[in-house]
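# Summary of the model geometry
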Amino acid sequence: MQNLAVKVADNLYWVGAIDFDLRTFDIIVPTPFGTTYNSFLLTTNDGNVLFETVKEPFHQEHLERIENVIGKKGQINYIILNHTEPDHSGSLNYILEKHPNATVIATAAALNNLKFISHLSTTVKTACSIKLKSLQVGKYHLKFLIQPFLHWPDTMMTVIEELKVLLPCDFFAVHYAEPKLFDDQVEGKEQVLEKLYKHYFDAVMSPFKASVLKGVQLVETQMGFPVEELQAICCSHGLIIRKDIKKIIEKYKEWSEPQILKNKIVVVYASAYGYTKIMTNRIVEGIRSVGVEVSVYNIIDTTVKEILNDFKDAKGLLLGSPTIVGDATPPFYELLGHMNPFIYSNRLIQCFGSFGWSGEGVKNLIPRIQQLKVKEVNKPLSIRFRPTKEQETECFNWGKDFGTKVIDYHH
Ligand code: FEO
């Protein structure tokens, strides 16, 4: 089957690749509908410009689609990389082999990444970092909107001013393999797609909500023309957006609203013989005594998703793990493994638990909690086997103290 380019606008072509079979992206993101690695080629009478490349295993069909537009002898003069994650930069070497005089244009952070991704000294020699705010190629003006953390430190967006087209790489993207390519050519999939866009945002952009809002502001104020005149958003994954431009921008604003954290604590525990459960009950009573809302989960009866969903609007998290065979129990590592400092460093988190021998459960959870860069309050609480009445009072007071600190905490 011939790999054909698809016309997007005057002199602008999609030359990317479709990955129908991908079921997990970046190790942790489910992609039930596959994805695309979108790359675009702008032809002008003064040189050709390639935007993004594709994931390395797809380089051959990428090259074929490029040749489909400019022929075997045509040259690419500029390669614009809005972001260097290897799903967009992985084929750069193959492009540069064929087009050795191309200039790579990217942010300084992106060019630095390329030294370690592409290992090409020629790339570094010919690349321009973006001190320039715009570039004229033929009759087209390309405007660069630099906004780090959409979703890497290296990210920017490019506007083709004359076409009123935005190329924002991963920003506004979706993992969806669809040969029709354009959102206005896909019918009856609106509900599925809305979920997929939100899923993508949650997985890729949500740790960087402040940057997302700045990115949206750039799009709304710095393109050189109003958003209403934008003809297409050519993202790096999924559909080229022509129909729902305003909708996706509004959704990104809505999804990036800062989360208001409540005076609420999520308590998650496990208990082999009921001793950590006794601790949990007394701690919860202590928290409630100062009027703080509490949710309580036995970690073996719930899911990480349910816990983290409840924790979204809570200031505090308490983890109560017993020690079994010299360690905390695995579900707590799983839960903490799904948390990262970009999202949770503004919370209060502490651990407690009963132990029988030497109490490594609590001790071993502490380093991971510290890695989340949370503010440390209370000391962890460990009790050997069954709490005495005095120790139950200690648990009550420990919970009360943590609850008070949650009330006093303003992030
Ligand atoms: Fe699609 Fe961040 O790469």
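Cut-offs applied
Residues numbered from 1 in each chain as written. Predicted model: local features only at pLDDT ≥ 70, side-chain atom pairs only at ≥ 80, totals over all residues. Heavy atoms only, no water. UniProt positions renumbered as here; feature names shortened; annotations may be inferred. Core = buried A, V, L, I, M, F, W, Y, C linked by side-chain atoms within 4.5 Å. Buried < 20%, exposed > 50% of the residue type's maximum accessible area, 1.4 Å probe, protein only. Helix = DSSP H or I, 4+ residues; strand = E, 2+ residues; numbered from the N terminus. Pairing = 2+ DSSP bridges. Axes fitted to C-alpha atoms, helices over the stretch in contact; angles between N-to-C directions. Phe/Tyr/Trp six-rings, centres within 6.5 Å; stacked < 30°, edge-to-face > 60°. Arc of directions from axis to C-beta. Contact = heavy atoms within 4.5 Å. Lys, Arg positive; Asp, Glu negative; His and termini not counted. Salt bridge = Lys/Arg side-chain N within 4 Å of Asp/Glu carboxyl O. Polar contact = N/O pair within 3.5 Å; in protein donor to acceptor, adjacent residues only side chain to side chain. Right-handed = clockwise from strand over helix to strand, strands pointing away. Expected span 1.5 Å × (residues − 1).

With an unreviewed UniProt entry as reference, the protein chain is termed Nitric oxide reductase, putative, source organism Entamoeba dispar. As stated in UniProt under Cofactor (unreviewed entry), the record for the protein chain gives "Fe cation".

## Some points on the nonpolar core
Soluble globular proteins: nonpolar side chains tend toward being buried together. In this structure, Leu166, Phe171, Phe172, Met223, Ile233 and Tyr252 are the most contacted members of the largest nonpolar core, which totals 35 residues. When contributions to this core are tallied by element, the ones reaching two or more residues are β14 (156–160), α6 (190–205), α7 (209–221), β16 (232–235) and α8 (245–255). Grouped together as the second largest cluster of nonpolar side chains are 28 residues, Phe40, Leu42, Leu135 and Met156 included.

## With respect to the sheet that holds strand β13 (residues 140–146)
Read across the open sheet, the 5 strands follow the order β12-β13-β14-β15-β16; overall the sheet is mixed. In the strand order of this sheet, the two ends are held by β12 (134–137) and β16, each with one partner. Strand-to-strand twist across the sheet, computed as the mean angle between neighbouring axes with direction ignored, equals 20 degrees. Pairing analysis gives 3 bridges linking β14 to strand β15 (residues 165–169), with the strands arranged antiparallel. Bridge assignment links Ile160 to a residue of β15, and that residue is Val165.

## Observations regarding the packing of aromatic side chains
In total, this model carries 14 aromatic pairs according to the counting rule given. On the numbers, 4.8 Å between centres and 50 degrees between planes, the contact of Phe172 with Tyr252 is tilted. One end of the pair, Phe172, is in the loop between β15 and α6; the other, Tyr252, is in helix α8, with 80 residues separating them in the sequence. Neither residue differs from the other here; Phe172 and Tyr252 are each classed as buried.

## Some points on α8
Restricting attention to buried positions, one finds in α8 the residues Ile245, Ile248, Ile249, Lys251, Tyr252 and Trp255. Take α8 and look down its axis: the buried residues cluster within an arc of 160 degrees, on one side only. Looking at the buried side of α8, the elements it contacts are α6, α7 and β16.

## With respect to unusual backbone geometry
Residue His151 is reached from Leu150 by a cis peptide bond, and omega for that bond is 15 degrees. In this structure, Asn378 takes a positive phi of about 55 degrees despite not being glycine. Examined against the element boundaries, Asn378 turns out to sit in the loop between α13 (360–371) and β23 (381–384). The exposure class of Asn378 is buried, given its relative accessible area of 12%.

## Notes on the side chain of Asp154
Along the chain, the position of Asp154 falls in the loop between β13 and β14. Among buried Asp, Glu, Lys and Arg side chains, Asp154 stands out as unpaired, with Lys115 the closest opposite charge at 14 Å. Side-chain polar atoms of Asp154 contact the side chain of Thr84, separated by 2.6 Å. Setting aside its immediate chain neighbours within four residues, Asp154 contacts Asn82, His83, Thr84, Glu85, Thr107, Ala109, Ala110 and Asn113.

## Here's the deal with the pairing of strand β8 (residues 47–51)
Taken across its 5 residues, β8 has 5 buried, putting it largely inside the fold. Residues of β8 alternate between two faces, with Gly47, Val49 and Phe51 on one and Asn48 and Leu50 on the opposite face, all of them buried. Two strands pair when backbone bridges link them, and β8 and strand β9 (residues 78–80) are joined in this way by 3 bridges, in the parallel orientation. By the bridge assignment for β9, Leu50 is matched with Ile79. Where the polypeptide runs from β8 across helix α1 (residues 59–70) and back to β9, its parallel neighbour, the crossover connection is right-handed.

## Things to note about helix α14 (residues 389–408)
Counted at 1.5 Å a residue, the expected span for α14 with its 20 residues is 28 Å, and the 29 Å between its end C-alpha atoms agrees. Turning to α14, its buried residues are Glu392, Cys395, Trp398, Gly399, Phe402, Gly403 and Val406. Projection of α14 onto a plane perpendicular to its axis shows the buried side chains occupying an angular sector of 130 degrees, all on one side. In this structure, α14 carries Lys389, Glu390 and Asp408 as exposed residues pointing more than 90 degrees from its buried face. Considering only its buried residues, α14 is in contact with β17 (262–269), α9 (275–289), β19 (314–320), β22 (348–355) and β23.

## Regarding the sheet that holds β17
Paired through backbone hydrogen bonds, the strands of a sheet run either parallel or antiparallel to each other. Strand order in the open sheet made by the 5 strands is β18-β17-β19-β22-β23, with parallel pairing throughout. Taken across any chain shown, the strands that pair with only one partner, and hence form the sheet edges, are β18 (293–298) and β23. Neighbour-to-neighbour, the strand axes of this sheet turn through a mean angle of 15 degrees, independent of strand direction. Note that β19 and β22 share 5 bridges and pair parallel. Residue pairing across strands places Gly320 opposite Phe352, the latter belonging to β22. Seen against the sheet, α9 touches β17, β18, β19, β22 and β23 and runs at an angle of roughly 145 degrees to β22.

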